[in-house]
Structures are given as C-alpha cells and as structure tokens.
Amino acid sequence: MASSNHVTPTNCSWWPISAMEEDGKVTDGDENQEPTIEPKPFSKDRLVLYHWTQSFSSQKVRLVINEKGLLCEERDVSLPLTEHKEPWFMRLNLGEEVPVFIHGDTIVSDYNQIIDYLEANFVGETVAQLVPDADSPVYERVQQYRHLLDGLPMDAYTHGCILHPELTTDSMIPKYATAEIRRHLANAASELMKLDHEEQQLTEPYLSKQKKLMAKILDHDNVNYLKKILGELVMVLDQVEAELEKRKLEYEGQRCELWLCGPDFTLADVCLGATLHRLKFLGLSKKYWEDGSRPNIQSFFERVQKRYAFRKVLGDIHTTLLSAVLPNAFRMVKKKPPSFFGASFLMGSLGGMGYFAYWFLKKKYM
C-alpha cells in the first residue's frame, strides 16, 4: 500500500495534527444498556489514527482499538474532499490510503499490519486480546475467518450496489450517489487524457494508479460480475451460519455468550460485525439474513450492535449517511467560504440530508 515497508520508525515532530477535526462522539445506546467505562490510556506513548469514517478498513481498525480499550486520537481524512492526496498526508503514506496508525515514532500504513501491531504491542490483563495465542485450540479458527471475511471484495459490493440499486432492498445510499458516480465514469477517460497532457509534474505511477482504479470501478459496473461475487458471498454467509450453529451445539446447556469462534469475542467477530453492518447499509441484509434464512447471523448481528465499541464507532446504521456527509460539508465551507450560490446549494444539500435522516428514523421508530 504505502511502500514496501509498512512499519516505519520516523521523527513525527511534523505531525499535521491541527489539520484535521477530531471526530468520535460516543453514540448513545439503548437506555437498558449497562453503563460502560470510557477507555483509559494504556501507556504514555501517543496513539494517533488517520482514517476516513466510511472507509471499511478504517472502521475495522477503529473497532479493534476500541475493543482493546486503547485511548487513541482519531483524525478524519476525508476521501471525498481528497485530503488523502494533500502533501501533509502523503508524508505519512505515499500510497494515499487510510488508515494510518502512529505509535510514538512508528508509522504503520497497512490495514493488516496495523491489526497485528496492535495485538503484538498492546497486551496485558486490562487489555482485550482479540487474537488467541498460537497454541490455543481456537487460534486457527480465528485466523481462518479473519482471512475469509477480509478477503471479501467489499469495494466491489459497494460500487456495484451503488451502480445497480435494483439488486438491493432498502439501500441507505441515496439515488444521487448513483448519478454522481456514473457522471464520474463518463468523464473519466477525458480527465485521464487531460492529466496525461496538461499535468506533466504527475509521475507515471500516480497516473497508472488512477487508471487502474478507474478500470476497477468499470469492472464493478458489470452486473454479471456483481451477481457472480454476490453468489460467492452467499456461500461465505452459509459457512458462517453453519459455524455459528456449531457453537450452539458445542456449548449447549452452558451459560455463556457465544461468538463466531467460541465464548470469547475475537478479531473474527470484529470482521464479521463490520461486514454485516456494511451489507445492511448497502441494502443486502433483507435478502441474506433478515428474511429468516440465516437466524444465527441475525442473532449475531443484533448482539454485536449492542457492544460499546460498535455503538461508538459505527453508531446507528440509519444515520450513517448523515454522519458521513455533514462533517465534509462543514469542512468544505471552512476551507473555502461559499458564494451566494454555493451557500444556497449547501443549505439545500443539508436540508436534503436532513430529510433522508428523518425518513430513515421515521421508518425505523415510528
């Protein structure tokens, strides 16, 4: 991603901390939830995570940090505002990708290596262990489901469901997102030619990366490809459903909360919970488990959403879109105050987003 060395010791005195707004207000849970103690610092070393709220990899890293009870400064890097291409962020990660994790003088810029780094460096009686010891009988099972779930092409599901909403049910992505991404695809060829001829300072690796990204999105617009990978998703969900059923039989009669790999909550559960949350946001939950076809997955999803870390990081799924768009709108205004037309457009957009939020909340609670 960033480079061949994803774990990089460096002098971090130049951190652009003031460049980003802090995010991360705790989402209020149900009134019947047990009170949860705020995480306390594990060590004196400073932890900083650069992420984007809607980045799937970022969400999983944030879930791990919060499940482990670590105190970490979170800095939102808006991909829609292309903040990941700004010089201050490229000094952290030339690959222009989030998340990026900083601990002391160490920068880790690869999702999997961030997870492994957190597990290796933050241990102890007061810190949750999400990956069992290698000699544990459930270690291989946790690793199996970690890799199985991380291997799902979530970007393809996301782009595909935006471009082909007819394959979804009650998707929480508004119709204007489909129109916007199609407009971007229609202009992609001319934009890339313009970069080739007019932006000579851009390096060939950068242009190559943009072309590969555009080619990938075009692949995701292929409805036959989308149906194929959704068919493969069904097989993965069937496997997960069967594994959850095994846990019920294995611990039948015992009073303990059961998760994917056993009575302990692990990294496999983080991956599964985040995956189900994204699938529901895309409008795939009613087809794949809320129709009663996979009751164990339904039960798992209901339980995992009640966990403190999930409520804090992912919040209420019905307000996911609003929480993603509003901060970007206000930060855009802060960077460049709008003209009268721009202000009118912004207020209209915010009003529209407010309507979407009202509609979803009304549908859920009223």
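Residues numbered from 1 in each chain as written. Predicted model: local features only at pLDDT ≥ 70, side-chain atom pairs only at ≥ 80, totals over all residues. Heavy atoms only, no water.

Asker: Give a description of the packing of aromatic side chains that names residues and reports values.
Answerer: Considering all chains together, one arrives at 5 aromatic pairs under this definition. Centroid distance Trp259 to Phe300: 5.5 Å. Interplanar angle 90°. Geometry classified as edge-to-face. With Trp259 in the loop between α8 (223-250) and α9 (267-282) and Phe300 in helix α11 (residues 295-304), this pair connects stretches of sequence that are 41 residues apart. Each member of the pair Trp259 and Phe300 is classed as buried. Note on Phe265 and Phe310: the rings are 6.4 Å apart at their centroids and 85° apart in plane angle, and the pair reads as edge-to-face. One end of the pair, Phe265, is in the loop between α8 and α9; the other, Phe310, is in helix α12 (residues 308-313), and 45 residues separate them in sequence. Summarising the burial analysis for this pair, Phe265 and Phe310 share the class buried. Members of the aromatic cluster, each reached through a chain of ring pairs, are Trp259, Phe265, Phe300 and Phe310. In this arrangement the basic side chain of Arg303 is found over the ring face of Trp259, its NZ or CZ atom lying 4.5 Å from the centre. Directly above the aromatic system of Phe265 lies the positively charged group of Arg307, at a separation of 3.7 Å from the ring centroid. (Phe/Tyr/Trp six-rings, centres within 6.5 Å; stacked < 30°, edge-to-face > 60°. Helix = DSSP H or I, 4+ residues; strand = E, 2+ residues; numbered from the N terminus. Buried < 20%, exposed > 50% of the residue type's maximum accessible area, 1.4 Å probe, protein only. Lys NZ or Arg CZ within 6 Å of the ring centre and 35° of its normal.)

Asker: Which residues make up the side chain of His159, and what values do they have?
Answerer: Mapped onto the elements, His159 comes out in helix α5 (residues 154-163). Using a relative accessible area of 18% as the deciding quantity, one classes His159 as buried. Among all residues touching His159, those that are not within four sequence positions of it are Ile181, Ile217 and His220. (Contact = heavy atoms within 4.5 Å.)

Asker: Kindly report on the packing of α5 against α8, identifying the contributing residues and their values.
Answerer: Between two packed helices, what matters for the description is the angle formed by their axes and the separation of those axes. Close contact between α5 and α8 brings their axes to 10 Å; oriented N to C, the two are set at 130°. Taken together, α5 and α8 sit at an angle that is classed as oblique. Every pair of crossing elements has a handedness; the one defined by α5 and α8 is left-handed. Side by side, α5 and α8 meet where Ala156, Tyr157, Gly160 and Cys161 of the first sit next to Tyr225, Leu226, Ile229, Leu230 and Leu233 of the second. Looking at the contact of α5 with α8 residue by residue, the class counts come to 8 nonpolar, 1 polar and no charged. (Axes fitted to C-alpha atoms, helices over the stretch in contact; angles between N-to-C directions. Parallel < 35°, antiparallel > 145°, perpendicular 65-115°, else oblique. Left-handed = near helix turned anticlockwise from the far one by under 90°. Nonpolar A, V, L, I, M, F, W, Y, C, P; charged D, E, K, R; others polar.)

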